[in-house]
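Chain and residue survey
Residue-level listing of the chains:
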Amino acid sequence: MAHLLTLIILVPLVSGLALLFFPAGAKRAMYVFAMAASLGGFFLSMGLLGGDYTQGQFQFVERVSWIPDFGISYFVGVDGITLWLVLLTTVLLPIVVLSSYEYIKDRIREYLFSLFLLQTSMLGAFMALDMFLFFVFWELMLVPMYLIIGIWGGERRIYATVKFFIYTMVGSALMFVAILYLVSEFKGLTDVTTFSYLELRRVILPPAVQWWLFLAFALSFAIKVPLWPLHTWLPDAHTEAPTGGSVILAGVLLKMGTYGFLRFAMPLFPHASHELGPTIAVLALVGIVFGSLVAWMQKDVKKLVAYSSVAHLGFCMLGLFAVENRALAGSVYQMLNHGVSTGMLFLLVGVIYERRHTRLISEFGGLAKVMPAYAAVFVIVTLSSVGLPTTNGFVGEFLILWGTFTSKVLPHARYMAMVAATGVILGAVYMLSVVLRVFFGALKNPRNRDLTDLTAREWLYLIPGIVLIFVMGLFPTPFLERIEPSVELMRMDYLQKAEKAMGVEQAVLAEPLLYLLPGDRRFESIVAAPRAVPLPKKLGPAGLPKGPRPLTLGKRTPISQVPPGMERKPKQPPLPQAVIPATGAQGGAP
Amino acid sequence: MNANLIALSPILLVVAGAAGMLFVDALLQKGGKTAGSLFRSVNSKGPRPFDPPDRESIPNRGIVSASVLAAAAVLSATMWFGDFVGEGVGITGALLVDRLALFGFMLCALGGTLASLMSSSYLYELDADEGQFYPVMMLATSGAMLLCASTSFVMFFVALETLSLGVYILTGFRRASPLSTEGAVKYFLLGAFASAILLFGIAFLYGETGAHTFDGVGKALSGSASSRPLVMLGMGLVLVGLAFKVSAVPFHMWTPDAYQGAPTPATSYMAGVVKVAAFVTMMRLFSTALMAPALAGPPFGWASILAILSVATMFWGNMAALRQKNIKRMLAYSSIAHAGYILIGVVSMIKMKEAAISGVLYYLFTYLAANAGAFTIVSMAVKDGAEANEIEEYRGFGRRHPLLGAAMAVFLLSMLGLPPFAGFFGKLAIFSTAVQSGLWLMAVLGMIASVVSAYYYIGIVVVMFMRECEEGQPVVVPVRSGQAIAAVIFAFLLVLQLGLFPNPWLS
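Residues numbered from 1 in each chain as written. Chains lettered and ligands numbered in written order. Predicted model: local features only at pLDDT ≥ 70, side-chain atom pairs only at ≥ 80, totals over all residues.

**Notes on the overall build of chain A**
Counting its secondary structure elements, chain A contains 20 helices and 4 strands. Within chain A, the proportion of its 590 residues that are buried is 59%. Counting only contacts in chain A whose residues sit at least 6 apart along the sequence, the fraction spanning at least 24 positions is 82%. (Helix = DSSP H or I, 4+ residues; strand = E, 2+ residues; numbered from the N terminus. Buried ≥ 20, exposed ≤ 12 C-beta atoms within 10 Å, placed from the backbone. Contact = placed C-beta atoms within 7 Å.)

**A few points about the overall build of chain B**
The secondary structure content of chain B amounts to 21 helices and 5 strands. Counting only residues that meet the buried cut, chain B has 63% of its 507 residues in that class. Within chain B, contacts between residues separated by at least 24 positions form 79% of all contacts whose residues are at least 6 apart in sequence.

**Thoughts on the pairing of strand β1 (residues 59–67) of chain A**
All names here are of chain A. With 6 bridges connecting them, β1 and strand β2 (residues 72–78) associate as antiparallel partners. Opposite E62, over in β2, you have V76 as the bridge partner. Linking β1 back to β2 in an antiparallel pair, the connection comprises 4 residues, with G71 at a positive phi of about 65°. (Pairing = 2+ DSSP bridges.)

**Observations regarding the environment of T54(A)**
Within the secondary structure layout, T54(A) lies in the loop between α2 (27–46) and β1. Note on T54(A): 12 C-beta atoms within 10 Å, which makes it exposed.

**Details of unusual backbone geometry**
Omega for the bond connecting V225(A) with P226(A) falls within 30 degrees of zero, at -10°, which places this linkage in the cis form. Locating P226(A) in the fold gives a position in the loop between α9 (207–224) and α10 (233–240). Following W228(A), the chain continues to P229(A) via a peptide bond in cis, the omega torsion being 0°. Structurally, P229(A) can be placed in the loop between α9 and α10. A positive phi angle is found at V323(A), which is not glycine, with a value near 45°. Along the polypeptide, V323(A) turns up in the loop between α13 (301–322) and α14 (325–356). For V323(A), a count of 25 C-beta atoms within 10 Å translates into the label buried. Positive phi outside glycine occurs at S247(B), with the angle close to 50°.

**Points about the interface of chain A and chain B**
At the junction of the two partners, chain A supplies 24 residues and chain B supplies 25 residues. Among the elements of the structure, α5 (131–140), α6 (142–152) and α7 (157–190) of chain A are those that each provide at least two residues to the side of chain A that touches chain B. A total of 13 residues in the side of chain A that touches chain B trace back to one element, the largest contributor, which is α7(A). Looking at the side of chain A that touches chain B residue by residue, the class counts come to 20 nonpolar, 2 polar and 2 charged. (Nonpolar A, V, L, I, M, F, W, Y, C, P; charged D, E, K, R; others polar.)

**A few points about the sheet that holds strand β5 (residues 476–478) of chain B**
Residues and elements named next belong to chain B. Ordered in space as β4-β3-β5, the 3 strands form an open sheet in which the pairing is antiparallel. Two strands bound the open sheet, and with one partner strand each, they are β4 (386–387) and β5. The pairing of strand β3 (residues 381–383) with β4 spans 2 bridges and is classified as antiparallel. The residue of β4 that forms the bridge with K383 is A386.

**Thoughts on the confidence of the model for chain B**
Scored by pLDDT, chain B comes out at a mean of 81, with 88% of its residues at no less than 70. This model gives residues 31–59 of chain B a pLDDT under 50, and the stretch forms 33 contacts once residues within four places in sequence are excluded. (pLDDT = per-residue confidence, 0-100.)

**Focus on the packing of helix α10 (residues 254–261) of chain B against helix α14 (residues 327–347) of chain B**
All names here are of chain B. Interhelical geometry of α10 versus α14 gives an angle of 140° and a closest axis separation of 8 Å. Here α10 lies oblique to α14, going by the angle between them. Like other packed secondary-structure pairs, α10 and α14 cross with a definite hand, here right-handed. Of the residues in α14, those touching α10 at T255, P256, Y259 and Q260 are K328, R329, L331, A332, Y333 and I336. Here the contact of α10 with α14 is composed, by residue class, of 6 nonpolar, 2 polar and 2 charged. (Axes fitted to C-alpha atoms, helices over the stretch in contact; angles between N-to-C directions. Parallel < 35°, antiparallel > 145°, perpendicular 65-115°, else oblique. Left-handed = near helix turned anticlockwise from the far one by under 90°.)

**Thoughts on the environment of P263(B)**
Residue and element names in this part refer to chain B. Mapped onto the elements, P263 comes out in the loop between α10 and α11 (264–288). Accessibility expressed as a C-beta count within 10 Å gives 25 for P263, which makes it buried. Distance in space between the C-alpha atoms of P263 and I391 is 17 Å, their sequence separation being 128 residues.

**Quick look at α14(B)**
Think of an α-helix as 3.6 residues a turn; residues three or four steps apart then line up on the same face. With 21 residues, α14(B) extends 30 Å between its outermost C-alpha atoms, agreeing within 8% with the 30 Å of an ideal straight helix rising 1.5 Å per residue. Of all 21 residues in α14(B), 21 are buried, a share of seventy percent or more. (Expected span 1.5 Å × (residues − 1).)

**Considerations on the packing of α13(A) against α14(A)**
Residues and elements named next belong to chain A. Orientation of α13 relative to α14, taken along the N-to-C sense of each, is 175°, at an axis distance of 8 Å. Between α13 and α14, the interaxial angle falls into the category roughly antiparallel. Residue-level inspection shows V301, K302, V305, S309, H312, L313, F315, C316, G319, L320 and A322 of α13 in contact with α14, the latter providing A327, L328, G330, S331, Q334, M335, H338, T342, L345, F346 and V349. In terms of residue class, the contact of α13 with α14 is built from 13 nonpolar, 8 polar and 1 charged.

**A look at the confidence of the model for chain A**
On average, chain A scores 78 in pLDDT, and the residues at 70 or more come to 84%. Scored below 50 in pLDDT, residues 516–590 of chain A makes 100 contacts in the model with residues more than four places away or belonging to other chains.

**Topic: the environment of I95(A)**
All names here are of chain A. As for its placement among the helices and strands, I95 is situated in helix α3 (residues 80–103). Expressed as a C-alpha distance, the spacing of I95 and M418, which sit 323 residues apart in the sequence, is 36 Å. Sequence-distant contacts of I95, defined by excluding residues within four places in its chain, comprise Y461 and P464.

Structural data, given as structure tokens:
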């Protein structure tokens, strides 16, 4: 299909708008329509599996100029990473719609509209290959989520939603300036104004600039992840959001942060992320341990699940900054796992909340006697969340821990892996303890006596999750074989650029460089040929290291150690713009 | 036809419209109730110092005024799109109608159109005599348009005063309300001071250069003359006068009172048209007369001063808006903050003149549309027979009137700068120029300031959609007025169009 991605983005938007024309009372009709639309969107997105992901390149690319004066285009594509995130997003929507049938009592039309608008913006953010388009979708996500929490949320919903909004907005404000800065640097190099990610990715900025821009991006993404200590909005937002909102928030929105690191922050600013990676990994570790411990202490099941998200996403972040193929792939896999299992946990909490209108653990006990099926499903999901072998959680956590253990860029990688492993144990502790306290023991509270077990509707939206848990746990290969090429490509690009930045920095890297990726030839025609200015004679090709050179592990070359013969020249004449020809001959100067 | 006449046709149209309305109004009103009653009634009548309006003619006047202004806007837009004026049509060195001026014409006329559309129902509710309201507004608009095109200090001052006098009258138009009078007096006194200061500055510049056109001053100052102390003093005084007009901190003191006291359409007019005209002329003045490096650049040039003013304005405006309980006051402070963002664009003119000017114009456009839309809804809101201006009164407004509530939310989110609405692209235009001219720190500060503004903008959305009013209390209802609805729809479409398809305007 020619415009598959556009279709996938537009279907939710159009159906959401169509929903606004339903009469307010027609609840059943609206839900039937919403189910049909969301399932249609899901089946449509299954078409993405037909792409060729073996090379790790972007598939189904579409590009239409939008605001030519600013070099902004509607530019979308999916690779092996986004493929699964998109599928996760589309598979969750029908589940969320179905789960909201009883929970949302008033203004159903507007609620469904918000859900569909949110869906469009999330899909757009995952698929966008234009930084500006990404930012537009990224900001657009805020509004529907803000409404969902603020209108259909719990008691303290307004506090929670305003906090959510402001937190996220703070992060993205600085990212916006960073994007503009990047674009202006690119324009300085090529005289082309473009927001295209594929082209901007080729700029190697001076280290000091990279630091600032990376920090601006990282702040935005870290708030979304959320990385400790920026997580404080999350428990509030989760606790107050309606079930559907929580599922999407945990299932997809948080992935935006990790995805942003993987797609944007790391490849764009490799040197800075190389330098700051260990720090972020440590923060992720703190998040894992801290999140688990705090989760253990919670009295409210939903808050517990929310804090467990902090821990789970800590794993994802750790995997990203280990920069090992296994860890990266595991990290992407763990994003999906977390989407499935935490989404399921929120659904299950919603099930019990609809019956008892409380989520306090102390109110329950012995539920397995009255709701055996519910208890069984809950235990399965718990095991997945804990990472028991044969469930999906195991695969992701195992790959991350393995990759971290062997990581060459993290200092003390083995110890880090060990600390992270304690997170797995703590996860088992808090999850199993909540199962114990809620489902087993004596049925003390008389109000729990007459609870009904899962209804057909609840089964319907729980079964896909259960199936996914086992499929992803037992047969991870179809997933991983599509993830890995993209991850590998990203890693190579990242390491080469980080290395290039380090190799070049002593010589000339006071100003940005343009660097063509070997794999990027497809997009060369889009950019006008960059001005290839030869390097100054004195520097010669030696200024750029020939061929791949393994990164200096652990101990990086300090910037101050200038190899002999490569002292920084006085900055006259202005700046050599080293352009490595795309032919792969990495010599630099012609 | 004469090229000059064609170039000036939008202004002439507005002036002719105003004169025609005054004339016809005088003929139509029976019993000697002429449009001149503005001054007479204040002196002679008792507790209700104005004549009851002629209710029959109410819808007509607003429509007439709106259509004349809309025609002027369409005319200028056509000329702008069609590139009728080329490099610009100069008229005796006093006026220059170029693309910048035409865009300014269009924005001024557009702001006037939206203000007229929201006026009829508002003035009806207020029982005010609108016989004078529209002509005054149109004449002020003609002043604003002249200001956009003026290239000599004489014309500049005359146009500025035409605009200001009109706006003073509009501010004090609610004669029964002490707030309105207070606002008008404050605005008038401070405005008169500012004009005097401005004139003083102009005198210094004239004395030093012997030229009264912007060009002439620019030429005279291009050499070493630019660093003479009196020139600096003159420039500083002119800058203060203009900073007052755009209500930059610390010259903003009049703004909240005048905005709160003025009739809501006049507030919208002030926030939109006056700002547009002042910024357009500010850019023209600085970019032609005062571009000499010693005058523009650091350490004491206008760019540095404006940069400091800009940061102060953004933060002060937003911080003060956080504390407001009255929606008009809040929007007043928010308009101060917007002036701060726009000043960033003006500052980046020193490096990238063209891009900065077009960025500022685009920002003004997006701001004008969203602001006028928000004010229209405020002007429509009535509670218990009186205006509803307290933010708390809007509890549940969005629930009861979802369409108007959604439109209001869109206007506010656009002003906040959230994509895909217009305001975001305005911010993009300004901040990307700022970053490209090396002012990234200002862009960062601007974004931080706009995050602060998120709190009060979404605060209104929270009140409208997420809070219920107490049982038994009177609720805010919108007046039924086709014209006001038309203004809302028009502004809404503009906000969407400018956001989703900004290209025709940007290129």
